[in-house]
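Analysis of the macromolecular model
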Amino acid sequence: MFRVMSPKGYLQRPGLRAGVGEIIRPLASHIHIFTSPRAWQAVNPDMSISLERAGIRWQLDTLTGECTDAAIAALQQQVQTHGATLILAVGGGRVLDCAKAVNDALPDIRLVNFATLAATCAAWSPLAIIYDERGGHLRSQPLNAMPERILVDSEVIARSEVRYLRAGIVDALAKWFEFEPYQRQTPHQLALYLKVAAAWQAVTVLKRWGDTAVADNIRQQVTPALEKVIEANIVLAGLANSIQDAMATPGFAHIIHDRLTHQPELHHWLHGEKVGFSLLVQSWIEQQGKQVEPELLALLRRFHSPLTLPAAINADRMRQIAQQIHFPSASLAHLPFTFDHPLLEQALLATSAFKQ
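Per an unreviewed UniProt entry, the protein chain goes by the name Glycerol dehydrogenase and belongs to [Curtobacterium] plantarum.

Given below as C-alpha cells:
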C-alpha cells in the first residue's frame, strides 16, 4: 500500500496576493498570519487590502530566525490564544515549515500556504525541517496534515532575487538524482515508479525552460517559462516527495546537506545550494571516484550551484564532516552503491578540483 500526500488545492497566477481574501473567506473569518518581515513586505499592501475587503480578522506573527522547536511552540500558543481557525503562512521554507508543524499538531486548525519564493518544495512537501537556533539541521519531521490550499503569486516570485529560483531548480533536479538509484535497485515498485516519474517530469521542464525562466526572473517578468519552472520547483518536486510507502527513500544528497548545515562557513548558502554541492559528492561516490556524472555537473554549473567548499573548511574539517554523516542503514540497503566514511572523506576532498 502507498499514499499520495497532497493539498486540497493548488493555485498559481500573477497578482494572486490581491485575491487571497476571496479564497480564504469560505474557509475562515478569523485567521492567524505567520510570515517574515521581508515576505510580508513582498505581498503588501495588496494582501492586507484583500483580507480587509473580505471581512477577515487576523493577528500578525513574524518569524525572524530559524524554524526551531521553540518557534513552533510559540506559534502554536499564539494560534490557540487568539482563537483563529486558520493559519495563513506567507513566506519561504522556514515560515512554511513552522506553520506546517503547527497545523499537524492542531487538527482543528486549517492551513493555507502562500509561497513567496520558489527556492524549495516546502509549500507542498509533507515534512517540516527543524533546525537549531544556529541553523543546524535537527530532524526532518514527517507530517500527516496537508494544507487546504497552496497559493503562489508568480509576480512575487518574479520580483524575488534570482538566486532563490536557481537554488529551487537545483533542489528540484535533486529529486530525480536521489530517487532514481532506488528504482535502479528495486525496479518493480509502483510507489517508487511514481516518485521517479514526477521527479523526471521536473527534470524535463527545468532542462527545457530553466535558462529562460532565470532570465525572466532577472528582468522581473512573469512569462510561461517562469510559470512552468515555479510549478516544477514546488509542485513536481513536492509531489515526488509526497508519494510514500513502507520503503523509506531518503535523498542521499539531502543527508549530506543536513550535516553541512552545521558548518558556520556555509550558513550563507541556500538550501538548494547545499543540496547541489551534496549531489556532486553523491555522484562521485556512485561512480566510486572514477568521475562525476557529466550531465549532473553541467546542470550544477548551469544553475550556479557551488562546487567547492570555502577554503576555511580544510582537510581536517572535511574528515570530521564525513565521520558525522550517518545514512540510515535500512535505506542504504536499497541503493545500488555503498560507502563508508573514508570514501565520503575522499569525495569531499575531490570536490576541491572543480571550478565554478
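This next bit is on the overall build of the protein chain. Helices and strands together make up the secondary structure of the protein chain, namely 15 helices and ten strands. Rg of the C-alpha trace for the protein chain: 20 Å, near the compact-globule value of 21 Å for 356 residues, within the 12% margin. Counting only C-alpha atoms and orienting by the principal axes, one finds that the protein chain spans roughly 65 × 45 × 40 Å. Looking at the protein chain as a whole, 58% of its 356 residues are labelled buried. Counting only contacts in the protein chain whose residues sit at least 6 apart along the sequence, the fraction spanning at least 24 positions is 80%. Only carbon and sulfur atoms are counted for the fraction: they give 51% of the accessible area of the protein chain, which is about 14,900 Å².

Attention shifts here to the environment of Ala315. By the element assignment, Ala315 lies in helix H13 (residues 315–323). Taking the C-alpha atoms as reference points, Ala315 and Glu345, separated by 30 residues in sequence, lie 8.6 Å from one another.

To continue, consider the UniProt feature "domain: Alcohol dehydrogenase iron-type/glycerol dehydrogenase GldA" (unreviewed entry) in the protein chain. When the UniProt feature table is mapped to this numbering, "domain: Alcohol dehydrogenase iron-type/glycerol dehydrogenase GldA" (unreviewed entry) covers residues 7–153. Overall, residues 7–153 shows 32% helix and 29% strand. The separation of its end C-alpha atoms is 17 Å.

Let us look at the packing of helix H7 (residues 162–185) against helix H11 (residues 271–286). One can describe the packing of H7 onto H11 by two numbers: an axis separation of 8 Å at closest approach and a directional angle of 30°. The orientation of H7 with respect to H11, classified from their angle, is roughly parallel. In this structure, H7 crosses over H11, and the sense of that crossing is left-handed. Counting all contacts with H7, which are made through Arg163, Ala167, Val170, Asp171, Ala174, Phe177, Glu178, Pro181 and Arg184, the residues of H11 involved are His271, Gly272, Glu273, Val275, Gly276, Leu279, Gln282 and Glu286. Grouping the amino acids of the contact of H7 with H11 by side-chain chemistry returns seven nonpolar, four polar and six charged.

All right, on to empty space enclosed by the protein then. In the structure shown here, the tally under the stated rule is one cavity of 30 Å³ or more. What lines the largest cavity is simply Lys100, Asn103, Leu111, Ser125, Pro126, Leu143, Ala145, Met146 and Pro147. Grouping the amino acids of the lining of the largest cavity by side-chain chemistry returns six nonpolar, two polar and one charged.

Let us look at H13. Along H13, the residues that are buried comprise Met318, Ile321 and Ala322. Buried residues of H13, viewed axially, fall in a sector of 100°; they line one side. Residues of H13 that are buried make contact with helix H10 (252–260) and helix H15 (341–350). The backbone nitrogen of Asp316 has a side-chain oxygen 3.2 Å away, supplied by the residue at the start of H13, namely Asn314.

Let us look at the layout of surface pockets. Considering only enclosed or pocket space, the second largest pocket measures out at about 160 Å³ in volume. Lining of the second largest pocket is provided by 13 residues; of these, Trp176, Phe177, Arg184, Glu286 and Glu293 occupy positions nearest its centre. Looking at which element gives the most residues to the lining of the second largest pocket, the answer is H7, with five residues. Broken down by class, the residue content of the lining of the second largest pocket amounts to five nonpolar, three polar and five charged.

About the cut-offs
Position numbers for residues start from 1 in each chain and track the written sequence from start to end. A pLDDT threshold of at least 70 governs which residues receive local features in this predicted model, and a stricter bar of 80 or more applies before side-chain atom pairs are shown or counted, although totals over entire chains, interfaces and linings include all residues. Heavy atoms from the whole structure form the basis of all side-chain values; hydrogens and water molecules are not counted. Note on conventions: DSSP H or I runs of at least 4 residues are helices, E runs of at least 2 residues are strands, and numbering of each starts at the N terminus. We compute the radius of gyration from the C-alpha atoms alone; for a globule the expected value is 2.2 Å times N to the 0.38, where N is the number of residues. A simple rule labels every residue: compare its accessible area, found with a 1.4 Å probe on the protein chains alone, to the largest value its type can have, and call it buried under 20%, exposed over 50%, or partly exposed in between. The contact rule is simple, with two residues in contact once any of their heavy atoms fall within 4.5 Å. Only the protein chains shown count as cover for residues, and the accessible areas themselves come from Shrake-Rupley with a 1.4 Å probe. UniProt positions are given in the numbering used here, feature names are shortened, and annotations may be inferred rather than shown by experiment. For every element, the axis is a line fit to its C-alpha atoms; helices are fit only across the contacting stretch, and the angle between N-to-C directions ranges from 0 to 180 degrees. When describing relative orientation, an angle under 35 degrees is termed roughly parallel and one over 145 degrees roughly antiparallel, while 65 to 115 degrees is termed roughly perpendicular and anything else oblique. Note on convention: near helix rotated counterclockwise from far helix by under a right angle means a left-handed crossing. Clockwise means right-handed. Residue classes follow a fixed rule: Ala, Val, Leu, Ile, Met, Phe, Trp, Tyr, Cys and Pro count as nonpolar, while Asp, Glu, Lys and Arg count as charged, and any other residue, Gly among them, counts as polar. Each cavity reported here is a set of points on a 1 Å grid over the protein atoms alone in which a 1.4 Å probe fits but cannot get out, each pocket an open set with protein on both sides within 12 Å along at least five of seven lines, and each lining residue one with an atom within 4 Å of a point. Grid points are joined across faces, edges and corners, and a volume is the space filled by probe spheres set on the points. Relevant arc is that of directions from the helix axis to the C-beta atoms, nothing else. Pairs of N or O atoms are called polar contacts if they sit within 3.5 Å, as long as, within protein, a hydrogen donor faces a hydrogen acceptor (for residues adjacent in sequence, only side-chain-to-side-chain pairs).

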